[in-house]
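Next come the chains, spelled out residue by residue.
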Amino acid sequence: QMEISDEKVAGLLLAFVAAALVHGFLILSMRMAKKVFHWKDIERASVIYTNAANLTIPLIAAVLGQDWIFYTSAFIIVQMMLFWSHGMTLIVPGIGMDWKKMLLNPNIIAIGIGLVLFAARIRMPVVIDTAVAGFGDMIGPISMVMIGMLLAGVDWKLVFGKRRIYGIVFLKMIVVPGIITLCLKLAAPLIPMENAKTILLISLLAVIAPTAVTITQMAQLYKRDAAYASSINVFTTLVCIVTMPLMVMLYMI
């Protein structure tokens, strides 16, 4: 529900390109990790796919403002498409692509409707607009409640008991975000766009977020080491309290 402009369209395209390049780097680097470190597929998926929507949308709304949420849709679309294709083959080997889940995912449908409204310049009545905005304002608190519920039910011995998990979390939350932060920081001044640095920051926030909760859900559904996937998710959620501000600071200075 915002005015369409060449600047916004160009910014959205930049966000799509950034999301595609970031995911390409993550997928290729995790293939190397499998060959060098013999990582499990569930570990590789945990590094590639992040809790981009649940965590970053409330952050962006609170820090940058509601209008900037528009650019998060690019990263979410790219990640959702890849998760229901590449990601599912990691969690459930041999399952293949699920085009129905890719295209009919509630996130993709919602973003698609939003983009149609944006491109067609359709404005919703005030009553509907207010109701939708109210639902949007609930995203932040609900996400925090969900994270709290997840932490409350955690077996902490399982989370901290495996030595292997420390290497996964270190790579996921420090090494990979550090490389991507540096790349985006160097790329921002080269892009002839007024808001390029802020748009790339939105992509960065999505990348440095904790492991996607969806990985744990799918691992549980298909009986693919859900406890270990949940441990990685919880560990990265705790660590991000420190690592996310650090990465943002490195990017902004």
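To be clear, the structure that these remarks concern was listed above.
Residues numbered from 1 in each chain as written. Predicted model: local features only at pLDDT ≥ 70, side-chain atom pairs only at ≥ 80, totals over all residues. Heavy atoms only, no water.

1. Overview of the overall build of the protein
Using the following cut-off: In DSSP terms, a helix is any run of H or I states spanning at least four residues, a strand is any run of E spanning at least two, and both are numbered starting from the N terminus. Throughout, exposure labels follow a simple rule: accessible area from a 1.4 Å probe, protein chains only, divided by the maximum for the residue type, with under 20% read as buried, over 50% as exposed, and the rest as partly exposed. Any two residues having at least one pair of non-hydrogen atoms within 4.5 Å are treated as being in contact. Accessible areas in this description were obtained via Shrake-Rupley with a 1.4 Å probe; residue shielding takes into account the shown protein chains only. When charges are counted, Lys and Arg are positive and Asp and Glu negative, with His and the chain ends excluded. Every charge is mapped onto a representative atom, which is NZ of Lys, CZ of Arg, CG of Asp or CD of Glu.
Secondary structure assignment for the protein yields 13 helices and zero strands. Ordered by position in the sequence, the α and β elements of the protein form the string α-α-α-α-α-α-α-α-α-α-α-α-α. Principal axes of the C-alpha set define a box for the protein whose edges measure 50 × 40 × 35 Å. Scored against the burial criterion, the 253 residues of the protein give a buried share of 44%. The contacts of the protein with a sequence gap of at least 6 include a subset with a gap of at least 24, amounting to 80%. Approximately 13,100 Å² of the protein is accessible, and the part contributed by carbon and sulfur atoms is 72%. Taken together, the 19 basic and 12 acidic charged side chains of the protein have centroids lying 14 Å from each other.

2. What about the packing of helix α10 (residues 163–187) against helix α11 (residues 196–207)?
Worth spelling out the cut-off: All axes here are fitted lines through C-alpha atoms, helices being fitted over the stretch that makes contact, and every angle between N-to-C directions spans 0 to 180 degrees. Roughly parallel means an angle under 35 degrees; roughly antiparallel, over 145; roughly perpendicular, 65 to 115; everything else is oblique.
As a packed pair, α10 and α11 sit with axes 10 Å apart at the nearest point and diverge in direction by 170°. Relative to α11, α10 is oriented roughly antiparallel. Between α10 and α11, the residues in contact are Lys172, Ile180, Thr181 and Leu184 and Leu200, Leu204 and Val207, respectively.

3. Overview of the environment of Leu14
Tracing the backbone through its elements, the reader meets Leu14 in helix α1 (residues 6–37). Residues Leu14 and Met244, spaced 230 residues apart in sequence, show a C-alpha to C-alpha distance of 22 Å. Discounting residues that sit within four places of it in the chain, Leu14 has contacts with Ile191, Met193, Ala196, Ile199 and Leu200.

4. Brief notes about the pattern of salt bridges
For side chains of opposite charge, pairing can occur when their charged atoms come near one another. Here is the rule we go by: For salt bridges, the criterion is a side-chain nitrogen of Lys or Arg within 4 Å of an Asp or Glu carboxyl oxygen.
Counted by the stated rule, this structure contains three salt bridges. In this structure, Asp41 engages Lys34 in a salt bridge whose closest nitrogen and oxygen atoms are separated by 3.7 Å. Among the residues examined, Lys34 registers a relative accessible area of 39% and is labelled partly exposed. For Asp41, the salt bridge goes to Arg44, with nearest N and O atoms at 2.7 Å. Taken as a pair, Asp41 and Arg44 lie in helix α2 (residues 41–48) at a separation of three residues, close to a single helical turn. Neither Asp41 nor Arg44 differs from the other in exposure class; each is buried.

Remember, this is a structural readout, not a statement about activity or role.
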